[in-house]
Amino acid sequence: MSDGQAGRMALPRTSPGGFWYTPATAVVFLCALFLLASAVSWLTPPFQSPDEFNHVARAYALSRGAILPESRPGQPSGALVDDGLLAYMKHYEEFPFNREKKATNPDVVLSRSIRWSGTGTHMAFPNTALYFPLIYAPQAAALALGRALDLTVDAGVHMARIFSLSACLGMLGAACLLFPIPLFVAALFVLPMTLFQLASASQDGVAFGMCVLAAALFMRGADTRRSFTRPMAVLLVLCLFTLAPSRMNLLILTLLPLVIHGSRKDRLCLVGSLAAFTAATAWILYALLTVRGMFPREPSTLAVAWGYLTDPARFFQVMAATLGNGAMLKHYWNMFVGILGWLDAPLDSAIYKVFGVLFALMAAVCLTRGGDTRPRAGRVALGVGVAVSTVSLFVLILVCLPHPLTMIDGVQGRYFTPLLIFLGFALFGGRLPAWRTLAGMLLVFLMAVLAVGTMFPKLLERYWLSERPSRYSDYLFRPDDYNVRPGPVLGEGASLDLSMSETHRRDPGGLKRLGVLFRVEPEAAGEAELRLSGPDGALLSRTFSAAEARDGSYAYFELDGGRYDAGAVASVGGSGLRAVTSRKGPDTTATCLIYEYADGRVRFTPGCPLR
């Protein structure tokens, strides 16, 4: 069979030209992903993926025809959201960082009968209002269908999850037909974090599937031995345009069709690429200038960006400090593999090391030194695009974090998944010998088994099973380079200082809730008082019972939304409490606190448990 014939076929029956899979293998893989992600979705209550509340709200707004976010005077940007959906969300707001909240709680069970009200209230979601809404089309269609069929809100939200997963797998299946999907990319989809996001109603699942489809379309277009039709060119441009406004660091990839134009002289790719880049840039600028409440800070985000632009050496200093910090890189890897929920359900520490070994083996198996017949221009273009997108990711996060910074600590591991998908097509798509193909398929299978064996028990424990008695030795998150231990005992008439993290003290955001991790002595009794102070002289106090605090758990205090950067727990006739601290090195000590900001962000003391 000639190369021209191979290019016109949908999918070969054997595996020439880089196809390591047959049609039956591809179908089995996609069906397995659907079953695994569906099981994870069933085990995970709604809104447990980071910012899933806001993703669903954005999808709901699109289902009502609201493409542009709504900005009201004095309020962050958002849109009108059905009061039934808001009431349903309310029952799940206590899940993050609260291991006592379970899916079997009576209020959660009763929430499943809530119906759409037909009336709306403005809900702020400035972070998802930045994104071009097309990427939420599957979830929006599900929510619209749920309302049309007069289903419960619970059924509509779960339909949004199913539609999102189906859209992802549909695009993944289409990519399998268009161009050989590297084994390395297949392995990314069986990671615990990827499966968890595929099971949610956030935009991640759709974005991951769209990245694979865009990469396959581009590599096919760059390979002049294969046919590349006008619908394929239009679909590539549409995918890249949809991705860029929702993953701003991927903006450079909208220029990839120019490579196809260079090899095929396809005018549609030239015009489409420039149009996609212009439209995506226009949306990003529009969103940054009009969306309110995303970056409430001084100096402004634009001022910080200009500062780094005029003094790039500062950026490289921060990057060097970040990439040179082993603990930070280890945390990035753990989040990439999977710290589930709102980063409050980590896996066992050994699992991250095993996945590290398996991924290293996968890279070794898939990387070919010679004989890669795929177009060099396409591979180089993808590699350059990934490099620029990676730097752009760190730049975007750097300018959005409180300033000044010495290290970048705001990158979630799942942000790297789209980059690794494109990188996988650039580096790991060459034709493999039969033994390497078999070894790679075995590694994907082992990763899937490991993911299931670790995720399912953790999700059951986190969301369904009653909590075990607390013990200091079974804290779920304690990096090796931090020393986490209880502080001194609160005595009558004394006080315990709360040492807030430097990152929080630099943050201009106000606090709506603060969690303090206590150890409680058996003889604890009486009352104590949380006392907070702010840089502007603001004072706030909350009285609570020392005896009612739970040993080894966070005690949460509702605040007024003000900015507070210092605090203490004082005895009001009470005693027997110990605040837990996290210490790194001889000079860095901070109290284990969970900061919940008025704008919806959550921060915790590094090294402390999240339970």
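For clarity, every value in this text was computed on a predicted model and none was experimentally measured.

Quick notes on the rules
- Residues numbered from 1 in each chain as written.
- Predicted model: local features only at pLDDT ≥ 70, side-chain atom pairs only at ≥ 80, totals over all residues.
- Heavy atoms only, no water.
- Helix = DSSP H or I, 4+ residues; strand = E, 2+ residues; numbered from the N terminus.
- Buried < 20%, exposed > 50% of the residue type's maximum accessible area, 1.4 Å probe, protein only.
- Contact = heavy atoms within 4.5 Å.
- Pairing = 2+ DSSP bridges.
- Expected span 1.5 Å × (residues − 1).
- Polar contact = N/O pair within 3.5 Å; in protein donor to acceptor, adjacent residues only side chain to side chain.
- Phe/Tyr/Trp six-rings, centres within 6.5 Å; stacked < 30°, edge-to-face > 60°.
- Core = buried A, V, L, I, M, F, W, Y, C linked by side-chain atoms within 4.5 Å.
- Axes fitted to C-alpha atoms, helices over the stretch in contact; angles between N-to-C directions.
- Parallel < 35°, antiparallel > 145°, perpendicular 65-115°, else oblique.
- Left-handed = near helix turned anticlockwise from the far one by under 90°.
- Nonpolar A, V, L, I, M, F, W, Y, C, P; charged D, E, K, R; others polar.

Undergrad: Sorry if this is basic, but what is going on with the environment of Pro46 here?
TA: In this fold, Pro46 is placed in the loop between helix 2 (23–43) and helix 3 (52–63). Relative accessible area serves as the criterion here: at 4%, Pro46 is assigned to the buried category. Put simply, Pro46 and Ala568 are 522 residues apart on the chain and 36 Å apart in space, counted from C-alpha to C-alpha. Beyond its immediate stretch of four places on either side in the chain, Pro46 contacts Glu52, Tyr88, Tyr92, Val157, His158 and Arg161.

Undergrad: Whenever I open this one, the pairing of strand 1 (residues 78–82) confuses me. Can you help?
TA: Residues in a regular strand project their side chains so that they alternate between the two faces of the sheet. Among the 5 residues that make up strand 1, 4 are buried, leaving the element largely enclosed by the rest of the structure. With 5 bridges connecting them, strand 1 and strand 2 (residues 120–124) associate as antiparallel partners. Opposite Asp82, over in strand 2, you have Gly120 as the bridge partner.

Undergrad: Mind showing me how you'd approach unusual backbone geometry here?
TA: Leaving glycine out, the prevailing phi sign among residues is negative, and the prevailing peptide bond configuration is trans. One non-glycine residue, Asp51, lies in positive phi territory at about 65 degrees. One can find Asp51 in the loop between helix 2 and helix 3. A relative accessible area of 25% means that Asp51 is categorised as partly exposed. Here the phi dihedral of Asp150 falls at roughly 60 degrees; this positive angle occurs in a residue that is not glycine. If you trace the backbone, Asp150 turns up in the loop between helix 7 (137–148) and helix 8 (153–178).

Undergrad: What am I meant to see in helix 14 (residues 267–290) here?
TA: For helix 14, spanning 24 residues, the distance from its first C-alpha to its last is 34 Å, which sits close to the expected 34 Å at 1.5 Å a residue. Where helix 14 is concerned, the buried positions are Cys269, Gly272, Ser273, Ala276, Ala280, Trp283, Ile284 and Ala287. On its buried face, helix 14 is in contact with helix 3, helix 6 (126–129), helix 12 (230–246) and helix 13 (257–264). Where helix 14 begins, the capping side chain belongs to Asp266, and its oxygen is found 2.9 Å from the backbone nitrogen of Leu268.

Undergrad: Can you walk me through the packing of aromatic side chains in this structure?
TA: The description of two aromatic rings rests on the distance between their centres and on the angle between their planes. Applying the stated rule across the entire model yields 23 aromatic pairs. Taking 4.7 Å as the distance between ring centres and 10 degrees as the angle between the ring planes, the aromatic pair formed by Phe47 and Phe53 counts as stacked. Ring centres of Tyr554 and Tyr556 lie 6.3 Å apart, and the angle between their planes is 35 degrees; this geometry places the pair in the tilted category. The class for Tyr554 is buried, based on a relative accessible area of 9%. Judged by relative accessible area, Tyr556 falls into the partly exposed class, the value being 23%.

Undergrad: How should the pairing of strand 7 (residues 511–533) be read in this particular structure?
TA: In the sheet, strand 7 pairs with strand 12 (residues 593–597) via 5 bridges, with the strands oriented antiparallel. Bridge pairing links Gly515 to Ile594 in strand 12. The pairing of strand 7 with strand 9 (residues 553–558) spans 6 bridges and is antiparallel. When the bridges of strand 9 are listed, Gly515 appears paired with Tyr556. Relative to strand 8 (residues 539–545), strand 7 runs antiparallel, the two sharing 6 bridges. Counted as the bridge partner of Leu532 is Leu540 from strand 8. Adjacent in sequence and paired antiparallel, strand 7 and strand 8 are bridged by 5 residues, among which Gly537 carries a positive phi angle near 90 degrees.

Undergrad: Would you mind showing me how to read the nonpolar core here?
TA: Residues Leu85, Phe189 and Phe425 are the most contacted members of the largest nonpolar core, which totals 165 residues. Looking at this core element by element, the count peaks at 14 residues for helix 11 (residues 204–222). With sequence-adjacent residues up to four places away left out, Phe189 is seen in contact with Leu33, Cys168, Leu172, Thr194, Leu195, Leu198, Phe208, Gly209, Val212 and Ile421.

Undergrad: Please clarify how the packing of helix 8 against helix 11 should be interpreted in this entry.
TA: Any two packed helices are characterised by the angle at which their axes cross and by the distance between the axes. Contact pair helix 8 / helix 11: the axes reach a minimum separation of 8 Å and the direction vectors enclose 15 degrees. Here helix 8 lies roughly parallel to helix 11, going by the angle between them. Crossing hand, helix 8 versus helix 11: left-handed. Of the residues in helix 11, those touching helix 8 at Ser164, Cys168, Met171, Leu172, Ala174, Ala175, Leu177 and Leu178 are Gly205, Val206, Gly209, Met210, Val212, Leu213, Ala216, Leu217 and Arg220. Residue composition of the contact of helix 8 with helix 11, grouped by class: 13 nonpolar, 3 polar and 1 charged.

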